[in-house]
Amino acid sequence: MTKTLISNGTVVSATGRVQADVLVDGETIAAVLRPGSALLGFDLERNVDRVIDASGKYVIPGGVDAHTHMQMPFGGTEASDTFETGTRAAAWGGTTSIIDFVVQYPEQDVLGQYQLWHEKAAGNCAVDYGFHQILSDVQDSSLKAMDELIAEGVTSFKLFMAYKGVFLSDDGQILRAFQKGASNGAMMMMHAENGAMIDVLVQQAVEAGNTSPYYHGLTRPWQAEEEATHRAIMIADLTGAPLYVVHVSAKQAVEQIATARDRGLNVFGETCPQYLYLSLEEQLGAPGFEGAKWVCSTPLRSRAEGHQQHMWQSLRTNDIQMVSTDHCPFCMKDQKDMGIGDFSKIPNGIGSVEHRMDLMYQGVVSGQISLERWVEITSTTPARMFGLYGRKGVIQPGADADVVVYDPNGHTSIGLDKTHHMNMDYSAWEGFEIDGHVDTVISRGRVVVDGGEFLGRAGHGQYLKRGLSQYLS
Ligand code: DUC
Ligand code: ZN
Ligand code: ZN
Ligand code: ZN
């Protein structure tokens, strides 16, 4: 088995930092050692196959992106990253685990869809992958499937309060699914937007000739997000189910989550880089149809209203627990452009799986979050939230050797002709400059990225059979 020593780096965890050497043996971490101690009484040349010098660099657990949609059929097309291209891009950016969403559309068999997602992913992934399950047809067979999926390591289930005819569940269906989650320990995830209100606003806008991409955001106002977030919390409270609200963008929705947590409920919130950095005003300022690049749901929010600054604060105070990408990439050509003349036909989604670690590190540079909080919200908490902690999310003996060597003196320019490995014909992050750099990425002991070279392979990534959320037991 290959032994690798990552020497002289600063090992950063959710709780602190220490100068240490990390010894990797095969696929796992064998030891975290005092710097240089591996050299004492130890023939380095004979006993270690490779030494990675991490002097002046951070050594962190690999990123866990708990919200991706690889090759998802959606909006009359399919998300443009396959499991192969998407996980390769993830690896480039220091993310060594993803949790992707199996989709049940109406009338589809849940377990059949789960098998289908395995077929899509198996043999294609560069890094490890797990699954959540989307339920869009809550009926007896779907509820029964929830028990069977938990035994398969799918321990979290997403429902939608929007997208009529596609994903939408009504409150009674949500109640039934949450009752099941309360009894079997599953984490219930919610897309919290009031779809009925949004559908009317969208129709009115299109009829009035307000068809540019900017109206996507205006027709999905924060009130629709706050109301749905509150309703989801009430259903969680009534049933006793734990609730994880995905892609939170409105400060008012954050306040609902914070209030619920203060009351002692098991309610958690996720945000995404786009809700920290991008705004409705910038989307408005984009020429022509360019604003389509940032059409996602929940939508970008107004900077004048202060949502972005409030979201950073919420990450600091733990009103919001973690950051995923909601990676749902579409190209402008032949995908987003379906919505020219009608914004409601633009496939919803932004691609960021490659840039999450960098974008959040820039939050450390700008003083928004600490170095430790960076590791916590991008790796440790996602792992713990979704039953992977111990294997993932931490550098300690016995953990999977998923390690990133991050250079705080390096630099990353994001953009189509710069750093961009996702299968998209544009970057939602064009022109972003990061005062740091992913130097080396190790996935289960294998160096998959090093010195600007991809060394991984499709099929190295394995399915992650997850346990129940470690925030609940
Ligand atoms: N939001 C998106 O932007 N894309 C996929 C589905 C969703 O909820
Ligand atoms: Zn969603
Ligand atoms: Zn999503
Ligand atoms: Zn570098």
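These figures come from a predicted structure and were not determined experimentally. (Residues numbered from 1 in each chain as written. Chains lettered and ligands numbered in written order. Predicted model: local features only at pLDDT ≥ 70, side-chain atom pairs only at ≥ 80, totals over all residues.)

### Some thoughts on the overall build of the protein chain
Move 1: Helix and strand counts for the protein chain come out as 14 helices and 21 strands.
Move 2: Its C-alpha atoms give the protein chain a radius of gyration of 22 Å, near enough to 23 Å, the size a compact globule of 473 residues would have.
Move 3: Principal axes of the C-alpha set define a box for the protein chain whose edges measure 75 × 50 × 40 Å.
Move 4: Classification of the 473 residues of the protein chain by burial places 56% in the buried group.
Move 5: Taking the intrachain contacts of the protein chain between residues at least 6 apart in sequence as the baseline, contacts between residues at least 24 apart amount to 77%. (Helix = DSSP H or I, 4+ residues; strand = E, 2+ residues; numbered from the N terminus. Rg over C-alpha atoms; globule rule 2.2 N^0.38 Å. Buried ≥ 20, exposed ≤ 12 C-beta atoms within 10 Å, placed from the backbone. Contact = placed C-beta atoms within 7 Å.)

### Quick notes on the domain arrangement of the protein chain
Many descriptions give the size of an interface as the accessible area lost when the pieces come together.
Move 1: When the domains of the protein chain are assigned, the result is domain 1 (3-60 + 395-454) and domain 2 (62-385).
Move 2: Each partner contributes residues to the interface: domain 1 has 31 residues there, and domain 2 has 38 residues.
Move 3: For the side of domain 1 that touches domain 2, the secondary structure elements donating two or more residues are β16 (403-407), β19 (437-443) and β20 (446-450).
Move 4: Taken together, the residues that form the side of domain 1 that touches domain 2 break down as 18 nonpolar, 8 polar and 5 charged. (Domains from an automatic or database assignment. Nonpolar A, V, L, I, M, F, W, Y, C, P; charged D, E, K, R; others polar.)

### Comments concerning the sheet that holds strand β15 (residues 322-323)
Adjacent strands of a sheet form backbone hydrogen bonds with each other and so pair up, either parallel or antiparallel.
Move 1: The strand order across the open sheet built from 8 strands is β6-β9-β10-β11-β12-β13-β14-β15, with neighbouring strands paired in parallel fashion. Unpaired on one side and paired on the other, β6 (63-68) and β15 mark the two borders of the sheet.
Move 2: Direction of pairing for strand β14 (residues 267-271) relative to β15: parallel, over a ladder of 2 bridges. Considered in β15, the bridge of Glu270 is made with Met322.
Move 3: In the packing of helix α9 (residues 251-262) onto the sheet, contacts are made with β13 (243-245) and β14, and the angle to β14 comes to roughly 150 degrees. (Pairing = 2+ DSSP bridges. Axes fitted to C-alpha atoms, helices over the stretch in contact; angles between N-to-C directions.)

### Re helix α14 (residues 371-385)
Move 1: Across its 15 residues, α14 extends 20 Å between first and last C-alpha, which sits within 8% of the 21 Å expected from 1.5 Å per residue.
Move 2: The principal kink in α14, of about 45 degrees, is found at Ile377.
Move 3: Counting buried positions along α14 yields 12 of 15 residues, so the element is predominantly enclosed.
Move 4: Of all the positions in α14, only Trp374, Val375, Glu376, Ile377, Thr378, Ser379, Thr380, Thr381, Pro382, Ala383, Arg384 and Met385 are classed as buried.
Move 5: Looking at the residues trailing α14, positive phi occurs at Gly387, about 70 degrees. (Expected span 1.5 Å × (residues − 1). Bend = angle between axes of the 7 residues up to and from the residue.)

### Side note on the UniProt feature "domain: Amidohydrolase-related" (unreviewed entry) in the protein chain
Move 1: Taken from the UniProt record, the annotation "domain: Amidohydrolase-related" (unreviewed entry) applies to residues 58-448.
Move 2: Along residues 58-448, the helical share is 37% and the strand share 18%, with 17 Å between the first and last C-alpha atoms. (UniProt positions renumbered as here; feature names shortened; annotations may be inferred.)

### Here's the deal with the site of ligand 1
Move 1: By nearness alone, every residue bordering ligand 1 is listed as His69, Phe74, His191, Cys296, Ser297, Asp326, Cys328, Asn348 and Gly349.
Move 2: Residues of the shell around ligand 1, tallied by class, amount to 3 nonpolar, 5 polar and 1 charged. (Near = placed C-beta within 6 Å.)

### Digging into unusual backbone geometry
Move 1: Across the junction of Ser297 and Thr298, the peptide omega takes the value 0 degrees, indicating a cis bond.
Move 2: With respect to the helices, strands and loops of the structure, Thr298 is situated in the loop between α11 (280-285) and α12 (307-317).
Move 3: The phi angle at Glu107 is positive, at roughly 70 degrees, despite the residue not being glycine.
Move 4: You can see Glu107 is positioned in the loop between β9 (95-103) and α3 (110-121).

### Topic: the confidence of the model for the protein chain
Move 1: Of all residues in the protein chain, 98% attain a pLDDT of 70 or more, and the chain-wide mean is 97.
Move 2: Under the prediction, the complex receives an ipTM of 0.92, its pTM being 0.98. (pLDDT = per-residue confidence, 0-100.)

### Considering the pairing of strand β1 (residues 3-12)
Move 1: The element β1 is largely enclosed, with a buried count of 7 among its 10 residues.
Move 2: Bridge count for β1 against strand β2 (residues 17-25) is 8 bridges, and the pairing is antiparallel. Each residue of the ladder has a partner; that of Gly9, found in β2, is Ala20.
Move 3: Between β1 and β2, which pair antiparallel and follow one another directly, the connecting turn spans 4 residues.
Move 4: In this sheet, strand β4 (residues 50-53) lies alongside β1 in parallel orientation, the contact comprising 4 bridges. Among the inter-strand pairings, Ile6 is bridged to a residue of β4, identified as Ile52.
Move 5: As judged from the 2 bridges shared by β1 and strand β5 (residues 58-61), these two strands associate in the parallel manner. If you follow Thr10 over to β5, its bridge partner there is Tyr58.

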